Amino acid sequence: MIDPGLYNYWIAMILMMTGFYIVIARGNLVKKIVGLTIFQTSVFILYISFSKVDGATAPILDDRFTTYGNPLPHVLILTAIVVGVATSALGLALVVRIREAYGTVEEDEILEQDSNE
Amino acid sequence: MIAEHLPALQVVLPLLAAPACILLRRSDLCWAFATVVSWLSLAVAVGLLFQTQDGGVISYHLGGWEPPWGIEYRVDLVNAFVLLIVTVISAVVLPFARTSVAAEIPQEKAYLFYSMYLLCFTGLLGIAITGDAFNVFVFLEISSLSSYVLISLGKDRRALTAAYQYLIMGTIGATFFLIGVGLLYAMTGTLNMADLAERIPAVADTRTVHAAFAFLVIGIALKAAIFPLHLWLPNAYCYAPSVVTAFLAATATKVSIYLLLRIIFTVFGGAYGFGVLEFDLVLVVLALVAMLAASTVAIFQTDAKRLLAYSSVAQIGYMVLGISLGSVVGLTGGIVHLFNHAMIKGGLFLAMGCVFLRLGSARIRDMDGLALVMPWTTAAFVIGGLSLIGVPLTTGFISKWILVQAALEDGFWWAAVLVVFSSLLAVAYVWRVVEAAYFQPRPEAAIPVGEAPLAMLIPTWILILANFYFGVDTSVTVGVARQAAEALVGAAP
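Position labels on residues start from 1 in each chain and follow its written sequence. Labels follow written order: the first chain is A, the first ligand is 1, and so on. Totals for whole chains, interfaces and linings use every residue, but because this is a predicted model, local features are given only for residues with pLDDT of at least 70 and side-chain atom pairs only at 80 or more, for both listing and counting.

Let us look at the overall build of chain B. Think of it this way: any DSSP run of H or I at least four residues long counts as a helix, any run of E at least two long counts as a strand, and we number them from the N terminus. Along the backbone of chain B there are 20 helices and two strands. Note that the radius of gyration is over C-alpha atoms, with the globule rule given as 2.2 Å times the number of residues to the power 0.38. Taken over the C-alpha trace, chain B has a radius of gyration of 21 Å; the compact-globule value for 493 residues is 23 Å, and the two agree within 12%. For chain B, the share of sequence-separated contacts (at least 6 apart) that also reach a separation of at least 24 residues comes to 80%. Each residue gets a C-beta atom placed from its backbone, and two residues are in contact if those atoms lie within 7 Å.

Laid out in structure tokens, this is it:
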């Protein structure tokens, strides 16, 4: 049996592969961005989940607590989320421009138009 | 006073200049400003190289926070050399950019171009200078996001799809890198590279660290376009504006290769990746396949920019071959080829920029008889091509000579044979352009064109002549590369 204590990693991995599969298998450019976002988010969850310490509380200093979760991964992931948002925004902006230029957001139709040139 | 803050200035200067460009608005002002900033960055990089020349290591603590808690900028000879490559190329490419950008990018968008260019420049310098693994990810994304924008500015609509494809693959690469850093952090509790190097041996035999190594290397290999992860590269280089192609081809993949060196040799230690995991065998095979397959594909291209892009994939194979040999000589060859290839491809793509300015395309069949009307540009291409092939007295020869030596030293005579054979393939693809330009008559119907303006020819020729200079006087490049290689191998625990 899988050790249930590690289920967070399994969830992160399943999400990661789901996202990765969508990026590879879908021909729709918008859906690819969706897949990419899921892929990135799974990594955020991976980071956040290993910052959790058993029996610890949120990392806010208080006299009543002695063990705290690790705040550093949270900070790192805040940065990574910003990067992720920027990536999605830029990706979608490119899709808008591609749609203006080609009139479609389907990869196979774009390739077909390109090969006709 | 200022000397001790050089590491911070190296990144902060272009970073602050990027938004300043948006405020300046006027394209000429932006260009002048970006050029000055780029030259200042070159001065900073030269200063850093002098400070590290005796083998010293500069450790700069950002905000005064002690490493490993704060972010540390760590400059030794290896990254001082990479910083020099990036800043030299930028200092030469920007003067070229004025005319080229005016022709290829709408006037009202030019300020955005310069601002993105400076951000990309910042990101590349940041990757090279930082000693913090997570900081690398941030700079990697700064340079990547801005380069997607730069590529999408190309005139052809295929530039958009090329940028999109690069965005998808680049993001996957960067995310893989992030996973690797996260796994290492989970095992060691640190993000500082030097600190990681000390703590990894204690946990080296766990599956988590093995996985971290795999994620990091594959992530970087995607950004460095190591075969077979190079698929984004040909379209991106082909359809991007000429200036962008020249800049990215000469710097972006080099910085990624440097990062690969750092991760394999400094963080994990050469004995780990190459000894325990036997990763070098994988790299040797990929490098050789890249050299042969990409060179062969290059021969059959109809577009000269695309031809050169495939040749870049092959040349990256040479660098990876040098790295994968893992010896001091091999690494020297790999590192010196970083510099030499930047000179070669920078020069060649600038020459293509001149052609593109006049012809509006870089298709080989449009170049028939071009030597008659653009003698200086085509001559530059021929000389750059000779260096790419590796004719003696050029930089390309120096790199290949050292690589062949390194391969023979390790008993890989077949690798040495294949290096020479792939040079022959380079003759074939360079010849295709030369044949069109010199041995075909200029078609009657061809639009009359003149030589490219001096503002573009001079930067092109600076890089082309640098090929001769560093092909004859190798004391600087090979000397620094050898010291850098010794530092990398010596750093291995």
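So much for the structure itself; the text now carries on.
What follows concerns the interface of chain A and chain B. Opposite the 25 residues of chain A that make contact, chain B presents 22 residues. Counting residues per element, the ones that place at least two in the side of chain A that touches chain B are α2 (29–49), α3 (72–102) and α4 (107–116) of chain A. In terms of residue count, α3 of chain A provides more of the side of chain A that touches chain B than any other element does, 13 residues in total.

With that out of the way, let us pick up the packing of helix α1 (residues 6–24) of chain B against helix α2 (residues 27–52) of chain B. Residues and elements named next belong to chain B. A fitted line through C-alpha atoms serves as each axis, taken over the contacting stretch for helices, and the angle formed by two N-to-C directions is quoted from 0 to 180°. Axis separation between α1 and α2 bottoms out at 9 Å; the angle between their running directions is 175 degrees. If you check the angle between α1 and α2, you find them roughly antiparallel. Across from L6, P7, L9, Q10, L13, P14, A17, A20, C21 and L24 in α1, the residues of α2 making contact are L29, C30, F33, A34, V37, L40, S41, V44, A45, G47 and L48. Partitioned by chemical class, the residues of the contact of α1 with α2 number 18 nonpolar, three polar and no charged. Should an angle lie under 35 degrees it is considered roughly parallel, over 145 roughly antiparallel, and from 65 to 115 roughly perpendicular; all remaining angles are considered oblique. Residue type decides the class: Asp, Glu, Lys and Arg count as charged, Ala, Val, Leu, Ile, Met, Phe, Trp, Tyr, Cys and Pro as nonpolar, and the leftover types, Gly among them, as polar.

All names here are of chain B. Note that the residue after F227, namely P228, is joined by a cis bond; omega there is 0 degrees. With respect to the helices and strands, the residue P228 is situated in the loop between α8 (207–224) and α9 (233–239). A positive phi angle, close to 60 degrees, is found at A225, a residue other than glycine. Here A225 lies in the loop between α8 and α9. Phi is positive for L393, close to 80 degrees, though the residue is something other than glycine.

Residues and elements named next belong to chain B. Partly exposed residues are those falling between the two cut-offs: more than 12 but fewer than 20 other C-beta atoms within 10 Å of their own, whereas 20 or more means buried and 12 or fewer means exposed, with C-beta atoms placed from the backbone. Going residue by residue along strand β2 (residues 72–75), you find E72 and R74 tucked away on one face and Y73 and V75 tucked away on the opposite face as well. Pairing between strand β1 (residues 58–61) and β2: four bridges, direction antiparallel. By the bridge assignment, S59 is partnered in β2 with R74. Two strands are said to pair when DSSP picks up at least two bridges between them.

Moving on to the confidence of the model for chain B. All names here are of chain B. Per residue, pLDDT captures the predictor's confidence, and it can take any value from 0 to 100. Of all residues in chain B, 99% have pLDDT values of 70 or greater, and the mean over the chain is 87. In the model of chain B, helix α11 (residues 270–276) stands out as the element of lowest mean pLDDT, 76, in contrast to helix α5 (residues 133–152), which has the highest, 93. Reported confidence for the predicted complex is 0.93 by ipTM and 0.92 by pTM.

Turning to the environment of A271 of chain B, a few remarks are in order. With respect to the secondary-structure elements, A271 of chain B resides in helix α11. C-alpha of A271 of chain B to C-alpha of I226 of chain B: the two residues are 45 residues apart in sequence and 22 Å apart in space.

Okay, the packing of α2 of chain B against helix α3 (residues 77–104) of chain B next. Residues and elements named next belong to chain B. Axis separation between α2 and α3 bottoms out at 8 Å; the angle between their running directions is 160 degrees. Viewed along their axes, α2 and α3 adopt a mutual orientation that is roughly antiparallel. Crossing of α2 over α3 shows left-handed handedness. By residue class, the composition of the contact of α2 with α3 is 18 nonpolar, six polar and one charged. Crossing handedness is defined as follows: a turn of the near helix away from the far one that is anticlockwise and smaller than a right angle gives a left-handed crossing, while the clockwise case is right-handed.

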